[in-house]
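Chain residues, written in single-letter form:
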Amino acid sequence: VTSDPTATARCYFDRASAPEQEDLEESEYRRQILEDVAALKKLAVDFAHPELEVVSSDSTAAARCYFDRASASQQESSEEAEYRQQVLEDVAALKKLAVDYAHPELGVVTSDPTATARCYFDRASAPEQEDSEEAEYRRQVLEDAAALKQLAVDY
């Protein structure tokens, strides 16, 4: 406690660097927005997590079973379920074939250890492969033919 009559103090809330104070209308508006956000969050959790149970404080609230009501859609029979399963298996097999066809760069996978294959290029009926000398000779002949063609066009 001081007894100096020249001692002064500044008001903490009225200083120039003090944060702005919101009035009653703004604080009410902020409270309403926060309530709306909380309600939206609750709805989002209810939508994103259907496995959570519904909590009700109303003792008179009742519900009917969605699937047993008179206007419910017909349930699928076991034959229909088997048919649908077969269709899905066929679609999966067709998809695998389509991927195999569209991506020849993917390797072939087999689980049979006795599976063998012949090399396409080493078979008896394969066209003969030319060696590097023959390829060089062929290239030279084609260059000569192209030069002769150009001379004939120029003439």
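Structure: see above.
Rules and cut-offs
- Per chain, the residues get numbers from 1 upward, laid out in the order the sequence is written.
- pLDDT decides what is reported in this predicted model: residues at 70 or higher carry local features, side-chain atom pairs at 80 or more are listed and counted, and totals for whole chains, interfaces and linings draw on all residues regardless.
- Water and hydrogen atoms were dropped before computing side-chain values, which therefore reflect all heavy atoms in the structure.
- Every helix listed is a DSSP run of H or I at least four residues long, and every strand listed is a run of E at least two residues long, numbered separately from the N terminus.
- Each patch is built from residues lacking any salt bridge and having more than 30% relative accessible area; the joining distance is 9 Å for like charges and 5 Å for nonpolar side chains (Val, Leu, Ile, Met, Phe, Trp, Tyr).
- Computed with a 1.4 Å probe, the accessible areas rest on the Shrake-Rupley method; for each residue, only the protein chains presented here act as cover.
- Salt bridges, as used here, are contacts in which a Lys or Arg side-chain nitrogen is within 4 Å of a carboxyl oxygen on Asp or Glu.
- Put plainly, a pocket is an open set of points on a 1 Å grid over the protein atoms alone with protein on both sides within 12 Å along at least five of seven lines, a cavity is a set where a 1.4 Å probe fits but cannot get out, and a lining residue has an atom within 4 Å of a point.
- Grid points are joined across faces, edges and corners, and a volume is the space filled by probe spheres set on the points.
- Polarity classes work like this: nonpolar for Ala, Val, Leu, Ile, Met, Phe, Trp, Tyr, Cys and Pro, charged for Asp, Glu, Lys and Arg, and polar for all others, with Gly in that last group.
- Accessibility here uses a 1.4 Å probe with only protein chains present; expressed as a share of the type maximum, an area under 20% marks a residue as buried, one over 50% as exposed, and anything in between as partly exposed.

**Some remarks on the environment of Asp 4**
In step 1: Its location among the elements puts Asp 4 in the segment before α1 (24–48).
In step 2: Along the sequence, Asp 4 and Leu 88 sit 84 residues apart, while their C-alpha atoms lie 93 Å from each other.

**Details of a nonpolar patch on the surface**
In step 1: Together, Tyr 29, Ile 33 and Val 37 make up a nonpolar patch on the protein surface, roughly 310 Å² of accessible area in all.
In step 2: You can see Ile 33 is positioned in helix α1.

**What to know about the layout of surface pockets**
In step 1: Approximately 160 Å³ is the volume attributed to the largest pocket.
In step 2: Forming the walls of the largest pocket are Lys 42, Asp 46, His 49, Pro 50, Leu 52, Glu 53, Val 54 and Val 55.
In step 3: A class-by-class count of the residues in the lining of the largest pocket yields four nonpolar, one polar and three charged.

**Remarks on the pattern of salt bridges**
In step 1: Taken as a whole and assessed by the stated rule, the structure comprises nine salt bridges.
In step 2: A salt bridge links Glu 28 to Arg 31; its shortest N-O distance comes to 2.2 Å. Here Arg 31 and Glu 28 lie together in helix α1, a separation of three residues that amounts to about one turn.
In step 3: Of the residues examined, Glu 28 reaches a relative accessible area of 40% and is grouped as partly exposed.
In step 4: For Arg 139, the salt bridge is made with Glu 136, and the minimal N-O distance between the two is 2.3 Å. Note that Arg 139 and Glu 136 are positioned in helix α3 (residues 132–154) at a spacing of three residues, about one turn of the helix.

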